[in-house]
Protein chains: 2
Amino acid sequence: MSLAEPSDRSSERSPSQTVTALLSLRELIVSGALKSGERISELAMVDRIGVSRTPLRTALVKLEQEGLIEEIPSGGYAVKAFSEADVFDAIEIRGTLEGLAARYAAERGVATMRLAELRECVAEIDTVITAGSLSEEDFEAYLRANERFHTLLMELSGSPTLRRELERVSSLPFASASAFVKAEAALPESRSILPIANEHHRAVVDAIENREGARAEAIMREHARLSYRNLMMALRNQKVLDLVPGAALIRRRS
Amino acid sequence: MSLAEPSDRSSERSPSQTVTALLSLRELIVSGALKSGERISELAMVDRIGVSRTPLRTALVKLEQEGLIEEIPSGGYAVKAFSEADVFDAIEIRGTLEGLAARYAAERGVATMRLAELRECVAEIDTVITAGSLSEEDFEAYLRANERFHTLLMELSGSPTLRRELERVSSLPFASASAFVKAEAALPESRSILPIANEHHRAVVDAIENREGARAEAIMREHARLSYRNLMMALRNQKVLDLVPGAALIRRRS
DNA sequence: TGAATGCCTTCTGTATACATAATGTGTTTT
DNA sequence: AAAACACATTATGTATACAGAAGGCATTCA
């Protein structure tokens, strides 16, 4: 109470125009409302989003750094197109950096309490899997636990720089740890991946506890590669692919 | 001739105000003219650099994404301060990504001609080392060959995404492949590192040629760690440290 | 003497005006 | 009919004006 913000809602101030523009633009791009290769007209976005050109431009610069859009030589920006190879590479890069994070955690050691938090995530996921129903709420619980696990691991690396880079890489929607979760739920043949993924989680916690850096690293790399299989399956099934965030940015091989 | 730009100089148009602001600001930060933690006053920079606030602001956003500055919660930006641990981590991240690049090159294979280019760099560095004089021009030749080697490797990975991330990580001046080159030249005990570094180069080319992915990866990781030793030596010697780009950003342990 | 408060200065976030360059269209010419 | 050219429209890059908020300083009170 005494620490409450002066505003009415607890610590929730109205988002700046720049944040509004950034979120709106990202949503338009990831959802596919703006097609790959298409030029992003600033004035059109001003009309569409309702902010002036200045914050919109700031958002465009940030999105360019994020890798979602690219500069047009003659000026302005266009929505980027990603080949299937680009997506695989982005996943591999994420896996490599998550591997480094896991190794750091193992080598540098983590507090017992934080290890317990990791195990909690694993247990939660186990519960969802064994239930088997995958109802909407189960699914949400899985998603949250999975994201919490990956976020925790990032923090346990003890490296703000690594954390930064990982967040960057994961900002490509299809490269994030949860990119294919919805697809997994939809595809029966993908569901079998869930227990394997959680076994990876379990193993990496053990490795961290035992200070086995190389093992922890290898497991997280392989863990990311589970996304490969999901991606390949999704690419063969348009309905499932539509469940993958940012799928509209992927240029199918002709 | 027929392909020449309409401008007077061949394909060299005057840099935009945004580019001017970006380069000027980066120089001010890396050189230490703006101290770590110091707030960057936009109006002061406008006076100092001679561009208006708009392109200056664009440059600030880009520098924030690069990691050289950080947002102040109450608004504006401040020059970032890096701990020694941050620098080590940044080097490890670069090594990890260069390792991935080398592995990709090995696994995916590269044209014989590109391999020859890599060997050319190695040979050039050999020449400089055996000469032993390390005159100004020898030194420049070494620097060029070293950078060309690392740039080539990045390209040979065949992954634009990886290339992008590597360029990003290397944008932290003290994390780049050539960060400690000047320090190496100045410190006699560091010069012994040069032949070792080039042996790494040679070995990684062999590994790539023989399609030995794991070996190529391990070598490049270890190669980056040579920077560790240089960094530690430089940190004990202020005069040498001043030769390292961005050293002003490193907050010495008290 | 130290701390708190109120005012003033300065800064950032945003909107908008303006100039130059690019793009697209319609017409004309071959 | 196709290509090229010229013009008009619209785009982006840049500068600047304005409002609200943050920070510093001096003054005052305990």
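Residues numbered from 1 in each chain as written. Chains lettered and ligands numbered in written order. Predicted model: local features only at pLDDT ≥ 70, side-chain atom pairs only at ≥ 80, totals over all residues.

Looking only at helices and strands, one finds 12 helices and 3 strands in chain A. For chain A, whose C-alpha radius of gyration is 20 Å, the value lies close to the compact-globule estimate of 18 Å for 254 residues. For chain A, the spread of C-alpha atoms along the principal axes amounts to about 60 × 55 × 35 Å. Residues classed as buried in chain A amount to 40% of the 254 residues present. (Helix = DSSP H or I, 4+ residues; strand = E, 2+ residues; numbered from the N terminus. Rg over C-alpha atoms; globule rule 2.2 N^0.38 Å. Buried ≥ 20, exposed ≤ 12 C-beta atoms within 10 Å, placed from the backbone.)

So, on to the domain arrangement of chain A. Each assigned domain of chain A is listed here: domain 1 (17–79) and domain 2 (84–245). Inter-centroid distance (C-alpha atoms) of domain 1 of chain A to domain 2 of chain A is 29 Å. (Domains from an automatic or database assignment.)

Secondary-structure assignment places B:D138 in helix 6 (residues 136–156). C-alpha of B:D138 to C-alpha of B:P55: the two residues are 83 residues apart in sequence and 39 Å apart in space.

This next bit is on the protein's contact with DNA strand D. Looking at DNA strand D, there are 18 residues lining it, with A:E42, A:G75, A:G76, B:Q17 and B:S52 nearest. Partitioned by chemical class, the residues of the surface near DNA strand D number 5 nonpolar, 11 polar and 2 charged. (Near = placed C-beta within 6 Å. Nonpolar A, V, L, I, M, F, W, Y, C, P; charged D, E, K, R; others polar.)

What follows covers the interface of chain B and chain A. Each side of the interface is counted separately: chain B has 18 residues, and chain A has 18 residues. Going through the elements one at a time, helix 3 (53–66), helix 4 (84–108) and helix 7 (160–170) of chain B are the ones with two or more residues in the side of chain B that touches chain A. Residues belonging to the side of chain B that touches chain A are distributed by class as follows: 7 nonpolar, 6 polar and 5 charged. (Contact = placed C-beta atoms within 7 Å.)

Bringing the relation of the copies chain B and chain A into the picture now. Placing chain B over chain A gives an RMSD of 0.1 Å and needs a rotation angle of 180 degrees, together with 0.0 Å of translation along the axis. Such a combination of rotation and displacement between the chain copies is what one expects of a two-fold axis. Here 100% of the contact residues of chain B are again contact residues in chain A; the copies associate through an equivalent surface. (Least-squares fit on C-alpha atoms with pLDDT ≥ 70 in both.)

All right, on to the environment of B:L60 then. Residue and element names in this part refer to chain B. On the secondary structure map, L60 appears in helix 3. Considered as a pair, L60 and M233 are 173 residues apart in the sequence and their alpha carbons are 33 Å apart. With residues near it in sequence (within four places) discarded, L60 still touches I40, I69 and Y77.

On to the sheet that holds strand 2 (residues 69–71) of chain B. Residue and element names in this part refer to chain B. Read across the sheet, 3 strands follow the order 1-3-2 without closing on themselves; strand pairing throughout is antiparallel. Where the open sheet ends on each side, the last strands, each with one partner, are strand 1 (39–40) and strand 2. Of the strand pairs in this sheet, strand 2 and strand 3 (residues 77–79) are connected by 3 bridges, and their pairing is antiparallel. Paired with E70 across the strands is A78, a residue of strand 3. Helix 3 contacts strand 1, strand 2 and strand 3 of the sheet and is inclined by roughly 105 degrees relative to strand 2. (Pairing = 2+ DSSP bridges. Axes fitted to C-alpha atoms, helices over the stretch in contact; angles between N-to-C directions.)

As a further point, take the sheet that holds strand 3 (residues 77–79) of chain A. Residues and elements named next belong to chain A. Strand order in the open sheet made by the 3 strands is 1-3-2, with antiparallel pairing throughout. Of all the strands in the sheet, the pair left with one neighbour each is strand 1 (39–40) and strand 2 (69–71). Relative to strand 3, strand 1 is paired through 2 bridges, and the arrangement is antiparallel. Across the sheet, I40 pairs through a bridge with Y77, a residue of strand 3. Contacts between helix 3 (residues 53–66) and the sheet are confined to strand 1, strand 2 and strand 3, with strand 2 contributing the most and set at about 105 degrees to the helix.

What follows deals with unusual backbone geometry. All names here are of chain A. In the Ramachandran plot, R211 falls in the positive-phi region, its phi being about 60 degrees despite a non-glycine side chain. Residue position: R211 is located in the loop between helix 10 (193–209) and helix 11 (213–235). The exposure class of R211 is partly exposed, given the 14 C-beta atoms found within 10 Å.

This paragraph deals with the packing of helix 4 of chain B against helix 11 (residues 213–235) of chain B. In a pair of packed helices, the angle between the axes and the distance between the axes together describe the arrangement. Residue and element names in this part refer to chain B. At a minimum axis separation of 7 Å, helix 4 and helix 11 run at an interaxial angle of 155 degrees. As summarised for this structure, helix 4 and helix 11 are arranged roughly antiparallel, according to the angle between their axes. The two elements helix 4 and helix 11 meet at a crossing, and its hand is right-handed. Taken together, the residues that form the contact of helix 4 with helix 11 break down as 15 nonpolar, 6 polar and 9 charged. (Parallel < 35°, antiparallel > 145°, perpendicular 65-115°, else oblique. Left-handed = near helix turned anticlockwise from the far one by under 90°.)

The next thing to look at is the protein's contact with DNA strand C. Every one of the 18 residues lining DNA strand C counts as a neighbour, but A:Q17, A:S52, B:E42, B:G75 and B:G76 are closest to it. Breaking the surface near DNA strand C down by element, the ones donating at least two residues are helix 1 (17–30) and helix 3 of chain A together with helix 2 (42–49) of chain B. Classifying every residue of the surface near DNA strand C gives 5 nonpolar, 11 polar and 2 charged.

On to the nonpolar core. Nonpolar side chains tend toward joint burial in soluble globular proteins. Ranked by size, the top nonpolar core spans 98 residues in total, and within it A:A101, A:A102, A:A105, B:A101, B:A102 and B:A105 carry the most contacts. Residues contacting A:A102, with those up to four places away along its chain left out, are A:L153, A:V204, A:I208, A:A216, A:E217, A:I219 and A:M220. In this structure, A:L25, B:I49, B:A59 and B:L63 belong to the second largest nonpolar core, which totals 34 residues. (Core = buried A, V, L, I, M, F, W, Y, C linked by C-beta atoms within 7 Å.)

On to the environment of A:S178. Residues and elements named next belong to chain A. Mapped onto the secondary structure, S178 falls in the loop between helix 7 (160–170) and helix 8 (181–186). For the pair S178 and T161, spaced 17 residues apart in sequence, the C-alpha to C-alpha distance is 22 Å. Discounting residues that sit within four places of it in the chain, S178 has contacts with L143, N146 and E147.

This part is about the confidence of the model for chain A. When the pLDDT values of chain A are averaged, the result is 90; 93% of them are 70 or greater. Counted against residues more than four places away or in other chains, residues 1–11 of chain A, with its pLDDT under 50, gives 5 contacts. (pLDDT = per-residue confidence, 0-100.)

Bringing the packing of helix 4 (residues 84–108) of chain A against helix 10 of chain A into the picture now. All names here are of chain A. Relative orientation of the contacting elements helix 4 and helix 10 amounts to 35 degrees, with a least axis distance of 7 Å. Contacts between helix 4 and helix 10 involve A102, A105 and A106 from the former and V204, A207 and I208 from the latter. In the contact of helix 4 with helix 10, the residues fall into 6 nonpolar, no polar and no charged.

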